[in-house]
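What follows is each chain in one-letter form.
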Amino acid sequence: MTTLVDTPVRPAPTGPFARPRTRRADRRRWQDGPTPASLDDLTAITREVAAEVEDGRHGVEVDPVHRWSRRLHADDHLDVWLISWTTDQGAELHDHGGSIGALTVVRGALTEWRWTAGSDDDGTCPAEELHARGPGLRRRVLDPGRSVAFGLGHVHDVTNRAVETAVSVHAYSPPLSAMSYYRVEAGVLRRTRSELVAPGQAPE
């Protein structure tokens, strides 16, 4: 006689953190970086979490002295951060080590200066960035709802230049483990130092 045993079925996880890490028909899962996630995946996650912040599902604090942040999610492939920026709070010119990432602005506005090594992207720069051509820093203002993604080698700084406090959601894959910092001298990007990022340490 065969005995049937009922095995409970776990409901499938839902929400932005349950998204499959790869959907590539061509299997080029490492196309954007050393992670199963793509830049599109990370952008979508930050947009979904930004909507949750707007709905009041994640509390936001404001620190006028130090930039406030809270890690909302962490696993082997991904970490997601909620950050608030008061006037003039910013991040030094930096990269993200071996991680790719994305951010979405929830409210307020952030100003990003990103490094470009040449004129290949001059034709695709938005009007606000066209004051400079060739190697150098490009400026763009990220208004509420704006999302940007950054692949390997992306060097930028981000600052709140407005009076209103800015709030943003950031995702990194794999989780940040190292960052390098830079300065621009005579039109040349120079690395000044590299630092390890401990698990759970806020991105700086």
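Preceding this paragraph is the structure being described.
Note that the structure is a prediction, hence the values are computed from the model and not measured.

## Some thoughts on the pattern of salt bridges
For step 1, the next point in the chain: Taken as a whole and judged by the stated rule, the model has eight salt bridges.
For step 2, the next point in the chain: A salt bridge links Glu-52 to Arg-57; its shortest N-O distance comes to 3.7 Å.
For step 3, the next point in the chain: Of the residues examined, Glu-52 reaches a relative accessible area of 10% and is grouped as buried.
For step 4, the next point in the chain: We note a salt bridge from Glu-195 to Arg-193, for which the minimum N-O separation is 2.7 Å.

## Section: the packing of aromatic side chains
For step 1, the next point in the chain: For the structure on display, the rule yields one aromatic pair.
For step 2, the next point in the chain: A centroid spacing of 6.3 Å and a plane angle of 45° characterise the contact between Phe-150 and Tyr-172, whose relative ring orientation is tilted. Of this pair, Phe-150 sits in strand 7 (residues 147-150) while Tyr-172 sits in strand 9 (residues 166-173), and the two are 22 residues apart along the sequence. We note that Phe-150, like Tyr-172, is buried.
For step 3, the next point in the chain: Sitting over the face of the ring of Trp-85, Arg-67 holds its NZ or CZ atom 4.5 Å from the ring centroid.
For step 4, the next point in the chain: Here the guanidinium or amino end of Arg-193 rests over the ring plane of Tyr-181, the centre of that ring lying 4.1 Å away.

## With respect to the pairing of strand 11 (residues 188-196)
Looking along a regular strand, one sees side chains alternate from face to face of the sheet.
For step 1, the next point in the chain: Pairing between strand 10 (residues 178-185) and strand 11: eight bridges, direction antiparallel. Bridged to Glu-185 within strand 11 is Val-188.
For step 2, the next point in the chain: Remark: two residues form the turn of the hairpin made by strand 10 and strand 11, two consecutive strands paired antiparallel; Ala-186 in that turn has positive phi of roughly 50°.

Definitions and cut-offs
- Residues numbered from 1 in each chain as written.
- Predicted model: local features only at pLDDT ≥ 70, side-chain atom pairs only at ≥ 80, totals over all residues.
- Heavy atoms only, no water.
- Salt bridge = Lys/Arg side-chain N within 4 Å of Asp/Glu carboxyl O.
- Buried < 20%, exposed > 50% of the residue type's maximum accessible area, 1.4 Å probe, protein only.
- Phe/Tyr/Trp six-rings, centres within 6.5 Å; stacked < 30°, edge-to-face > 60°.
- Helix = DSSP H or I, 4+ residues; strand = E, 2+ residues; numbered from the N terminus.
- Lys NZ or Arg CZ within 6 Å of the ring centre and 35° of its normal.
- Pairing = 2+ DSSP bridges.

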